[in-house]
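Here is how the chains run, residue by residue.
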Amino acid sequence: MAINKAMRAALKAIAYLNVDIKKSYKVERQFENLSARLRPKPEAYSIWDHMVKSGDYEVPVRVFLPKKGSPRRLLLFFHGGGWVTGSIESYTKMCGYLAGAISAVVVSVDYRLAPESHFPAAPEDCYAVARELFLGKSLLNVDPANITIIGDSAGGNLAAAVSLMARDRGEFLPPRQILIYPAVAADHSSSSPFESIRTNGTDYLLTSKRVADMIDLYKSSDDDYKNPYFAPLEAADLSGQPKTLIISAEYCPLRDEGEFYGKRLEEAGVQVKVFRMKDAFHAYMMLSPRFVHVQKTYELINAFLDE
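About the criteria used
Residues numbered from 1 in each chain as written. Predicted model: local features only at pLDDT ≥ 70, side-chain atom pairs only at ≥ 80, totals over all residues. Heavy atoms only, no water. Axes fitted to C-alpha atoms, helices over the stretch in contact; angles between N-to-C directions. Helix = DSSP H or I, 4+ residues; strand = E, 2+ residues; numbered from the N terminus. Parallel < 35°, antiparallel > 145°, perpendicular 65-115°, else oblique. Left-handed = near helix turned anticlockwise from the far one by under 90°. Contact = heavy atoms within 4.5 Å. Nonpolar A, V, L, I, M, F, W, Y, C, P; charged D, E, K, R; others polar. Salt bridge = Lys/Arg side-chain N within 4 Å of Asp/Glu carboxyl O. Buried < 20%, exposed > 50% of the residue type's maximum accessible area, 1.4 Å probe, protein only. Pairing = 2+ DSSP bridges. pLDDT = per-residue confidence, 0-100. Disulfide = S-S within 2.5 Å. Phe/Tyr/Trp six-rings, centres within 6.5 Å; stacked < 30°, edge-to-face > 60°. Lys NZ or Arg CZ within 6 Å of the ring centre and 35° of its normal. Expected span 1.5 Å × (residues − 1). Bend = angle between axes of the 7 residues up to and from the residue. Polar contact = N/O pair within 3.5 Å; in protein donor to acceptor, adjacent residues only side chain to side chain.

Asker: So, the packing of helix H4 (residues 121-134) against helix H5 (residues 154-169): which residues are in play, and what are the values?
Answerer: Angle between the axes and distance between the axes: these two values describe a pair of packed helices. The contact between H4 and H5 brings their axes to 9 Å, and the two run at 65 degrees. One way to sum up the angle between H4 and H5 is to call them roughly perpendicular. Considering the relative orientation of H4 and H5, their crossing is right-handed. In this structure, H4 uses Ala122, Pro123, Glu124, Cys126, Tyr127 and Ala130 to contact H5, whose residues at the interface are Leu158, Ala161, Val162, Met165, Ala166 and Arg169. Class assignment for the residues of the contact of H4 with H5 results in 10 nonpolar, no polar and 2 charged.

Okay, structure coming up:
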């Protein structure tokens, strides 16, 4: 699905609307969840909900199990939405398709959102679920060697953060992580060192201003900008990280920072594969599996997990 003139015009028109996320986040959440509830649940999967303790908070998780076959893999999935929108409800369809395409159990995490819950609530919630899975406390009896953490956009940020937290805390370490068009930098203003913030930051659905506004809602204070669990590129040391697959999108403002994160990981001695999805824009994984970019992503993930 190449971005032709008509699609480019449509994306530009949507971006031009430039809805103020600081004012609209509640309405956007309601619309996303209502739309998700009106769609039929994927019939090929058994779906059940569970709660995991994160301090005094209980984190909802949704488990997707393909009804056919015997999945030997588990994907721990952190959804996108800029830490402000998105939910296990709005990502149910995508996670169902992912479970089937990868022949895996998918565990989707409904971490706390900003601005009601600022950083570090989201990564702590994600870490709590990862800890329960990897230490086998109660959720699923899965061999930790078969667990991969994965996330898209803000979820990619959280997957990278959880890997750093796991290394630093020493309780477990994911063997693999998959970061799909991840947000891993702190600065998305015009002074960003990444050119894609400027070239792709106004006309392709997700704008650099929207990213900056979401980060502003997510942070607790300006000190967070230097925290590697907030912006993984701020980590001075990226050694000891899981084997990594990073998939960027050609027309995404986050493209260059994700690819640079892959370079930093490689320089630290981590096994990394970086793939730029040609003609793709941010959030393309929310499209139907019939789209070529979604199909290609499934192929990349399967090949990565089969290695």
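Back to the text.
Asker: Could you give an account of the pattern of salt bridges, with specific residues and numbers?
Answerer: Side-chain pairing between opposite charges can occur once the charged atoms of the two side chains come close. Throughout the structure, instances matching the rule amount to 20 salt bridges. Where glutamate 234 meets lysine 226, a salt bridge forms, and the shortest distance between an N and an O atom there is 3.9 Å. Relative accessible area serves as the criterion here: at 31%, glutamate 234 is assigned to the partly exposed category. Exposure remark for lysine 226: the relative accessible area of 61% places this residue in the exposed category.

Asker: Could you give an account of the sheet that holds strand S4 (residues 104-109), naming the residues involved and the relevant values?
Answerer: Ordered in space as S1-S2-S4-S3-S5-S6-S7-S8, the 8 strands form an open sheet in which the pairing is mixed. Either end of the sheet is taken by a strand with one partner, and the two such strands are strand S1 (45-54) and strand S8 (272-277). The average angle at which neighbouring strand axes cross in this sheet is 20 degrees, direction not considered. As defined by bridge partners, strand S3 (residues 73-78) adjoins strand S5 (residues 147-152) across 5 bridges and the pair is classed as parallel. Bridged to leucine 76 within S5 is isoleucine 149. The strands that H5 touches are S3, S5 and strand S6 (176-180); relative to S5, the one it contacts most, it runs at about 140 degrees.

Asker: Could you give me a rundown of the confidence of the model for the chain, with the residues and numbers involved?
Answerer: Mean pLDDT over the chain works out to 92, with 93% of the residues at or above the 70 mark. Note on residues 12-17: pLDDT under 50 across the span, and 7 contacts to partners over four residues away in sequence or across chains.

Asker: Quick rundown of the state of the cysteines? Include the residues and the values.
Answerer: Overall, the coordinates contain 0 disulfides when judged by the stated rule. No disulfide involves cysteine 95; its nearest neighbouring cysteine sulfur is the one of cysteine 126, lying 12 Å away. With no disulfide of its own, cysteine 252 lies closest to cysteine 95 among cysteine sulfurs, the gap being 19 Å.

Asker: Tell me what's going on with the packing of helix H2 (residues 21-38) against helix H7 (residues 208-218), and back it up with residues and numbers.
Answerer: Orientation of H2 relative to H7, taken along the N-to-C sense of each, is 80 degrees, at an axis distance of 10 Å. Considered as vectors, H2 and H7 are oriented roughly perpendicular to each other. On the side of H2, the interface is formed by Ile21, Lys22 and Glu28, while H7 contributes Arg210, Asp213, Met214, Asp216 and Leu217. Class assignment for the residues of the contact of H2 with H7 results in 3 nonpolar, no polar and 5 charged.

Asker: Describe the packing of aromatic side chains, and please don't skip the residues or the numbers.
Answerer: Applying the stated rule across the entire model yields 11 aromatic pairs. Judged by centre distance (5.4 Å) and plane angle (70 degrees), the ring pair of tyrosine 181 and tyrosine 284 falls under edge-to-face. Note that tyrosine 181 is positioned in the loop between S6 and helix H6 (195-199) and tyrosine 284 in the loop between S8 and helix H9 (292-306), a separation of 103 residues in sequence. Taken as a pair, tyrosine 181 and tyrosine 284 share a single burial class, namely buried. An aromatic cluster is defined as three or more aromatic residues linked by ring pairs; in this entry it consists of Trp83, Phe119, Tyr218, Tyr225 and Phe230. The ring of tyrosine 127 is capped by arginine 169, whose NZ or CZ atom sits 4.6 Å from the centre of that ring. The side chain of arginine 290 reaches across the aromatic face of phenylalanine 291, ending 4.6 Å from its centre.

Asker: Go over H2, please, and point to the residues and values.
Answerer: A rise of 1.5 Å per residue sets the reference length of H2, with its 18 residues, at 26 Å; its end C-alpha atoms lie 24 Å apart and thus fit the reference within 8%. Along H2, the helix axis deviates most sharply at valine 27, where the bend reaches about 35 degrees. All of the buried residues in H2 are Ile21, Ser24, Tyr25, Glu28, Arg29, Asn33 and Ala36. Summarising the contacts, the buried residues of H2 are in contact with H7. Sitting at the head of H2, aspartate 20 places a side-chain oxygen 3.0 Å from the backbone nitrogen of lysine 22.

Asker: I'd like a rundown of the pairing of strand S2 (residues 57-66), residues and numbers included.
Answerer: Among the 10 residues of S2, 7 are classified as buried, and the element is accordingly described as predominantly covered. In terms of strand pairing, S1 meets S2 through 10 bridges, oriented antiparallel. Its bridge partner being in S2, valine 52 is matched across the sheet by valine 59. Connecting the antiparallel pair S1 and S2 is a turn made up of 2 residues, with glycine 55 showing a positive phi of about 65 degrees. Taken together, the 4 bridges between S2 and S4 define a ladder with antiparallel strand orientation. Bridging from a neighbouring strand, valine 61 pairs with valine 109 of S4.

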